[in-house]
Amino acid sequence: VGSRLVEGVAKKTADDFFGKFTAIVGEGGAAPDTAPAAPEKTPSNGGISPWVWGVGIVAVIVILWAVFSG
């Protein structure tokens, strides 16, 4: 279950990065003229941001790996 969540977050992050990279490179290397978008806020229903889930899952995996590898 955790690997699916990590994979999903990694794919979204990579897609966002390469989408922005392509947009900048496609413009001849100039930065976009628009102001940076406001950071995404946590859903108003009290849900946890996907970034928090991703970082938490990675932390749990690292801790489990450290405990069981040695």
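Scroll up for the structure.
In this report, we go over the structure that sits alongside the text. Just so you know, these numbers come straight off a predicted model, no measurement behind them. (Residues numbered from 1 in each chain as written. Predicted model: local features only at pLDDT ≥ 70, side-chain atom pairs only at ≥ 80, totals over all residues. Heavy atoms only, no water.)

### Details of the packing of aromatic side chains
Here comes step 1: This structure, assessed with the given rule, holds two aromatic pairs.
Here comes step 2: Considering the side-chain rings of Phe-17 and Phe-18, the 4.9 Å spacing of their centres and the 80° angle between planes classify their relative orientation as edge-to-face.
Here comes step 3: Summarising the aromatic geometry, the rings of Phe-17 and Phe-21 are spaced 6.0 Å apart at their centres and angled 15° between planes, so their arrangement reads as stacked. With Phe-17 and Phe-21 both in helix α1 (residues 2-26) and four residues apart, the pair spans about one turn of that helix.
Here comes step 4: Note on Phe-21: relative accessible area 45%, which makes it partly exposed.
Here comes step 5: Through pairs of rings, three or more aromatic residues link up here, namely Phe-17, Phe-18 and Phe-21. (Phe/Tyr/Trp six-rings, centres within 6.5 Å; stacked < 30°, edge-to-face > 60°. Helix = DSSP H or I, 4+ residues; strand = E, 2+ residues; numbered from the N terminus. Buried < 20%, exposed > 50% of the residue type's maximum accessible area, 1.4 Å probe, protein only.)

### Considering the packing of α1 against helix α2 (residues 50-69)
Here comes step 1: Two numbers describe how α1 lies on α2: the axes approach to 9 Å, and their chain directions differ by 130°. Taken together, the axes of α1 and α2 lie oblique to each other. Where α1 crosses over α2, the two elements pack in a sense that is left-handed. Counted together, Gly-2, Leu-5, Val-6, Val-9 and Thr-13 of α1 and Pro-50, Trp-51, Gly-54, Ile-57, Val-58 and Ile-61 of α2 form the full contact between these two elements.
Here comes step 2: In terms of residue class, the contact of α1 with α2 is made up of eight nonpolar, three polar and no charged. (Axes fitted to C-alpha atoms, helices over the stretch in contact; angles between N-to-C directions. Parallel < 35°, antiparallel > 145°, perpendicular 65-115°, else oblique. Left-handed = near helix turned anticlockwise from the far one by under 90°. Contact = heavy atoms within 4.5 Å. Nonpolar A, V, L, I, M, F, W, Y, C, P; charged D, E, K, R; others polar.)

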